[in-house]
Structure formats: structure tokens, C-alpha cells
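The primary structure of each chain is shown beneath.
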2 protein chains.
Amino acid sequence: MADHVDMVLDQWRRRRPDLDVSPMGVIGRLSRLTQLVNTELARTFAEHDLDRASFDVLATLRRSDPPHQLTPNDLMKASMVTSGAVTQRLDRLEARGLVRRTRNEADGRSVKVSLTEEGRDLIDRVLPRHLETENRVLGALTGKQRDTLARTLRELLESLGDTQE
Amino acid sequence: MADHVDMVLDQWRRRRPDLDVSPMGVIGRLSRLTQLVNTELARTFAEHDLDRASFDVLATLRRSDPPHQLTPNDLMKASMVTSGAVTQRLDRLEARGLVRRTRNEADGRSVKVSLTEEGRDLIDRVLPRHLETENRVLGALTGKQRDTLARTLRELLESLGDTQE
DNA sequence: ACAATGTATCTCAGCGCTAAGCTATCTCGG
DNA sequence: CCGAGATAGCTTAGCGCTGAGATACATTGT
């Protein structure tokens, strides 16, 4: 059995036999798989009028310590997008009544973002469905394979500096 | 040692002990790693005034059978983007003189895209640097780990329908 | 006390992509 | 041979993000 990347690797080996293209066997698959998985996850989000960006914000707030308040800066660090993107995400979520921005008494530059009751209800409704989808996407792997995969990905992430500070 | 996803999993387990969030240990890392890797690859592309989109088109043409001619439709299938995106990618590359569009004699609806000499020179210059970067990104893994990883990712891709037709 | 520097957030032009729809051409059954 | 449907590529409005920069407030060193 062969996937799309196998075909790509074959082509390169015919066309450029002088190059070692084996790293593409890993990185090409990573990128392709992430795209397919994201498409699959997007379906579940869409069923609740969400997309990944909004889901990420709601989920990050939901899993934070009570009282579930974070600054835009916290959200930026967690989401790997720029501050401008966070502002716009919050604008959209606030307009839908899913989050609330309040002044930060302790620091006049800053803002506190929290879930509204509606926002919390929504994320609590979506989360189990999201986990089902993730589980289904991983259905081809045994538990042991998943563990090994998670561990290997963690090694790579750590080597690229993605650690808890 | 713990990465960002470990922290996220801990948070969920405290906040929602009723849910099994283990799938996030795999899918969260996949998504996060892909983003970090893409940032790293983008640096190499930028050194040659390229981005991933342009690189993908040039590389797909370069590895195709002589005479390195593909239709926009072929490029669309290979790249997982819409036809509109392919049109725009080709517009940009054509304006820079890196690819050429010619009529398809056999089918008046269609077009043939080929590399110019300049385009071919560029991709041949970038490709080895790109592979070095990919290799460096995978530096934390042994050869055996890379093989296992590639195989596992392929299983997932196949289960999601990403096969050669 | 305050100037200089740092930090938090927001603003916005520009970019690449998608989704929907358009035009031109091809295919095929009747 | 022709009309209906399929196919290939292009167009474009709208979307979310980036990168650069603006604003306001906080911190630091002297």
C-alpha cells in the first residue's frame, strides 16, 4: 500500500537520484495529515457555528484556572497567532456574546477575558463531540501506536523549543 | 520533561475529569508541530524570495515526468488547495517568469504549465537547502524513530483516504 | 520626579485562500 | 448531429491572518 507521499518520493528519486529526500517522508506526511485532520475537525466545529480559531479561544478559557479569566496576551501565547489575530477573534466572540472583556484593575494596559454563561455552555457542548471526532480520526492506530506517536512528537516539539517555561 | 500539550492535558484533567482527553495528546501535538515546522521551512523559502505555495508549485513541476508539464488541475490535486488558489499561484509565478502557461492543443479548455529555465534553476537551487532544513528539524530523532514515525503517519493518511488512485 | 524604555492591546492595509459562480470547451446518449 | 451535462480554468467578494505601527499605561534607573 502506498500513500500520496510515497508517490512524491518515487518521483524525486527518479528525477533527482543525487538527493536524499527521505526527510520528506516524515515532514510531507506531517503537513498533509494535519491538513486532512483539520478539515475533519472543521466539520464538527461547523455543526456548532464555530471554526478552529473560535474553538481554540473558548477551549483555552474553559480549561484555565477559575475564574476562567485570561488576558489577550495569555491567549496569544497559547494559540500561536499574533496579537492582532487575538483582538479580532475576541471581537467576533464578544459580538456573539460568548466571551466578555473587562478592565484589568491591576494593570491599566491590560484586559481580562472571560467566558459568558452562553460561551461556557457552548464549549461544554462541543468538547465531547470534538473528542469523538479526534478519536475517530485516530481510529487506525492501536493505543500503543498512539502513545509512541505522542511521545515522538513531543520529542520533536521539545527540540524545537515548545516547552512549558 | 513536558511540552505545551502536556500542560494543556493537565489542565483539562483538572477541569473536566469526566472526559478522556488523550486524543489531544496526539492531535494537539500534530497541529502544533506542523505550525512550528512550517515557520522553520518558511525561513529557507524566504531566503530565495519564495513561500510554501510557490515552492510547492515549482517542486511539483520539477518532479513530474519530462517534459515537466502539468495542468492547473494536476497542480490542484497535488497541492490540496482550490482551483482559484492555483490560478493565483500561477499568476504570481508567471509574472516572475518562473513558469509558463501554454495552450493545450489536445483540449481547448485546458492549459499546460511548465517551468521556465529560470524556474528550474531556482527550484534546483532551493531544493537541497530545503532538505537540509527538513533534516535539521528532524535532528532530535534517530533513523529508526523517523521510519516508525513515517510509517505511522502513512497508516493514518491511508485510513483517511490519502492513497494513490 | 521623570525621562527612557518596556509592555499590552488595538488598528489597518495587504495577502493568500475559499466558495460560488462564470465562460469556454468537451463528451456522449439518443 | 445535437442538446444536456460534465469538465477545465478563471474571476471575485469576503474572510482571517500577518506585520507594522499607534496608543496608553507601567517600570526602571538615576
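Residues numbered from 1 in each chain as written. Chains lettered and ligands numbered in written order. Predicted model: local features only at pLDDT ≥ 70, side-chain atom pairs only at ≥ 80, totals over all residues. Heavy atoms only, no water.

- If you check an unreviewed UniProt entry, chain A appears there as HTH-type transcriptional regulator MhqR from Kibdelosporangium persicum.

## What about the sheet that holds strand 2 (residues 99–103) of chain B?
Here comes step 1: Spatially, 1-3-2 (chain B) is the arrangement adopted by the three strands of the open sheet, whose pairing is antiparallel. Each edge of the open sheet is held by one strand with a lone partner, namely strand 1 (69–70) and strand 2 of chain B. (Pairing = 2+ DSSP bridges. Helix = DSSP H or I, 4+ residues; strand = E, 2+ residues; numbered from the N terminus.)

## With respect to the environment of Arg101 of chain B
Residues and elements named next belong to chain B.
Here comes step 1: Position of Arg101 relative to the elements: it lies in strand 2.
Here comes step 2: Each C-alpha atom of the pair Arg101 and Leu115 lies 9.1 Å from the other, and the pair is 14 residues apart in sequence.
Here comes step 3: Setting aside residues up to four positions removed in sequence, Arg101 forms contacts with Thr87, Leu90, Asp91, Glu94, Val111, Lys112 and Val113.
Here comes step 4: A polar atom in the side chain of Arg101 sits 2.2 Å from the side chain of Asp91.
Here comes step 5: A distance of 3.1 Å separates the side chain of Arg101 from the side chain of Glu94, its partner in a polar contact. (Contact = heavy atoms within 4.5 Å. Polar contact = N/O pair within 3.5 Å; in protein donor to acceptor, adjacent residues only side chain to side chain.)

## Looking at the packing of helix 4 (residues 72–79) of chain B against helix 5 (residues 83–95) of chain B
Residues and elements named next belong to chain B.
Here comes step 1: Axis separation between helix 4 and helix 5 bottoms out at 9 Å; the angle between their running directions is 115°. In this view, helix 4 runs roughly perpendicular relative to helix 5, as classed from their interaxial angle. Of the two possible hands of crossing, helix 4 and helix 5 adopt the one that is right-handed. On helix 5, the residues that touch Pro72, Leu75, Met76 and Ser79 of helix 4 are Ser83, Val86, Arg89 and Leu90.
Here comes step 2: Of the residues in the contact of helix 4 with helix 5, the class split is five nonpolar, two polar and one charged. (Axes fitted to C-alpha atoms, helices over the stretch in contact; angles between N-to-C directions. Parallel < 35°, antiparallel > 145°, perpendicular 65-115°, else oblique. Left-handed = near helix turned anticlockwise from the far one by under 90°. Nonpolar A, V, L, I, M, F, W, Y, C, P; charged D, E, K, R; others polar.)

## A closer look at the interface of chain B and chain A
How big an interface is tends to be reported as the loss of accessible area on association of its parts.
Here comes step 1: The interface of chain B with chain A comprises 68 residues on the first partner and 68 residues on the second.
Here comes step 2: Where chain B abuts chain A, roughly 7,200 Å² becomes buried across the two surfaces, and 68% of that area is made up of carbon and sulfur atoms.
Here comes step 3: A salt bridge links Arg16 of chain A to Asp124 of chain B, with the shortest nitrogen-to-oxygen separation between them at 2.9 Å.
Here comes step 4: Remark: the boundary between chain B and chain A carries 24 residue pairs in polar contact (both at pLDDT 80 or more).
Here comes step 5: Those elements that provide at least two residues to the side of chain B that touches chain A are helix 1 (4–15), helix 2 (22–46), helix 3 (52–63), helix 4, helix 6 (117–137) and helix 7 (143–159) of chain B.
Here comes step 6: Ranked by residue count, the leading element in the side of chain B that touches chain A is helix 2 of chain B, at 15 residues.
Here comes step 7: Taken together, the residues that form the side of chain B that touches chain A break down as 33 nonpolar, 15 polar and 20 charged. (Buried area = accessible area lost by both parts, 1.4 Å probe. Salt bridge = Lys/Arg side-chain N within 4 Å of Asp/Glu carboxyl O.)

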